Every structure is written in C-alpha cells, then in structure tokens.
Amino acid sequence: MIYPHYIHRIRAALALAISVLSLTACGDRMSDLRQYAEQVKARKGGYVEPLPQVKPFETFIYADANLRSPFDPQLQAMNNANLKSNASSGIHPDFNRNREYLEQFPLDSLKMLGTLNADGTLWALIRDGDGIVHRVKKGNYMGQNFGKVISISDSGLTLREIVPDGQGGWTERMTNVQLGD
C-alpha cells in the first residue's frame, strides 16, 4: 500500500517531468528560420557599381570689378517709355488725402467685371480680393500704388499710378485694367 504523503510527491514529480518535456518540445521552433538565414548567407553577393569620380572644383576669378555693379539701382524711366521722371516735375503722392477702400488691395487682386451707366456717370464694377463688388468712377483710387482712375470704357479702365523710381523720388506709370483680367 502507498502512503498518502508519497502520492503527493509522485504527483509533483510527474508534473515536473511533464513540464520539462513540454518545454523541450517548444524549444526548436526557430530551426526553419535559422536554416533559411544560412541559405541566404550562402548566396553569392550582387554587383555594386563603383561611385562616380568627383570632379575637382574649378575656381572662378571675377575680373569685371571695374564695371557697374548689377545691384546698384538704375533709373527705370530711361528704359520704360510709360514712365516720366519726377526730377523736374516734382511728382509725389498726396499723403494727406484719405485713402479709399480699394487702395488696400494689390492691383492684381482687383478684377473688373463690367460697367454700369447711371445718371450719365459711367461706373466700373470691381471685385476686390475678398470677393465684394464695388463701383468705381473716374477720379477714384485703387491699388496700392496711389492709382487714380483716369478713364473708364466698356473694355477696361486706365489708372495713373505713382511709384518709387529707385532714386528716392517718384515716377508716374499708366496701367490698364482690362475687363475680365
């Protein structure tokens, strides 16, 4: 007859033996991965093209130091027939004038949509950069270069702008805003 305290020890020994056997069965799960890695390592390596030759840097000596610097401002009125110099005329913007609403927008953001003739006055319909439509007549201002409306037609309007000339003065420039631009 087997004593009860031995049965407890036998059960513990069997549980230990089963645990050891189950762990040894799980231990070789990586053999197929190791085998594949060995096969990949045994393959012949591919061809890698050699790096291109680095060309030596060619130095440049600037020999035109006695010529005019391209960074010095040049009077644009000489090159543009639409510009009139203010040297003798004293052209300058009126800084004391109250600015009009459309003068806060760049001219390229203002679009002429059409014209409107009301009570003998021809108005241009202008859409601003925010999408709001305004009426403009001869004598109104628009754009950021002090652009005064000189004439309005069914095909567009003409502005006289006053822009810096690059020499500390001001220059007049005529600009057309076409219908649909």
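Just so it is clear, the model here is predicted, and its values are computed rather than measured.

### Side note on the environment of G169
- Along the chain, G169 falls in the loop between β6 (156-164) and β7 (170-178).
- Judged by its relative accessible area of 14%, G169 is buried.

### Some thoughts on the pairing of β7
- For β6 and β7, the ladder comprises 9 bridges, and the chain directions are antiparallel. Within β7, the residue paired with L159 across the bridge is T175.
- Once β6 ends, the chain turns through 5 residues before running back antiparallel as β7, passing G166 with a positive phi of about 85°.

### A few points about the nonpolar core
- Core analysis: the biggest nonpolar cluster contains 14 residues, and L102, L110, I126, M142, L157 and L159 have the highest contact counts within it.
- Of all the secondary structure elements, the ones that give two or more residues to this core are β2 (121-127), β5 (147-153) and β6.

### Points about the packing of aromatic side chains
- According to the stated counting rule, one finds 4 aromatic pairs in the structure shown.
- Both rings, one in F146 and one in W170, keep their centres 6.0 Å apart while their planes meet at 85°; by these two values the pair is edge-to-face. Placement of F146 in the loop between β4 (141-142) and β5 and of W170 in strand β7 is noted, with a sequence separation of 24 residues between them.
- Feature note: the residues F95, F146 and W170 constitute an aromatic cluster, connected by ring pairs.
- Above the ring of Y141, the side-chain terminus of R97 is found at 3.6 Å from the ring centroid.

Rules used in this analysis
- Residues numbered from 1 in each chain as written.
- Predicted model: local features only at pLDDT ≥ 70, side-chain atom pairs only at ≥ 80, totals over all residues.
- Heavy atoms only, no water.
- Helix = DSSP H or I, 4+ residues; strand = E, 2+ residues; numbered from the N terminus.
- Buried < 20%, exposed > 50% of the residue type's maximum accessible area, 1.4 Å probe, protein only.
- Pairing = 2+ DSSP bridges.
- Core = buried A, V, L, I, M, F, W, Y, C linked by side-chain atoms within 4.5 Å.
- Phe/Tyr/Trp six-rings, centres within 6.5 Å; stacked < 30°, edge-to-face > 60°.
- Lys NZ or Arg CZ within 6 Å of the ring centre and 35° of its normal.

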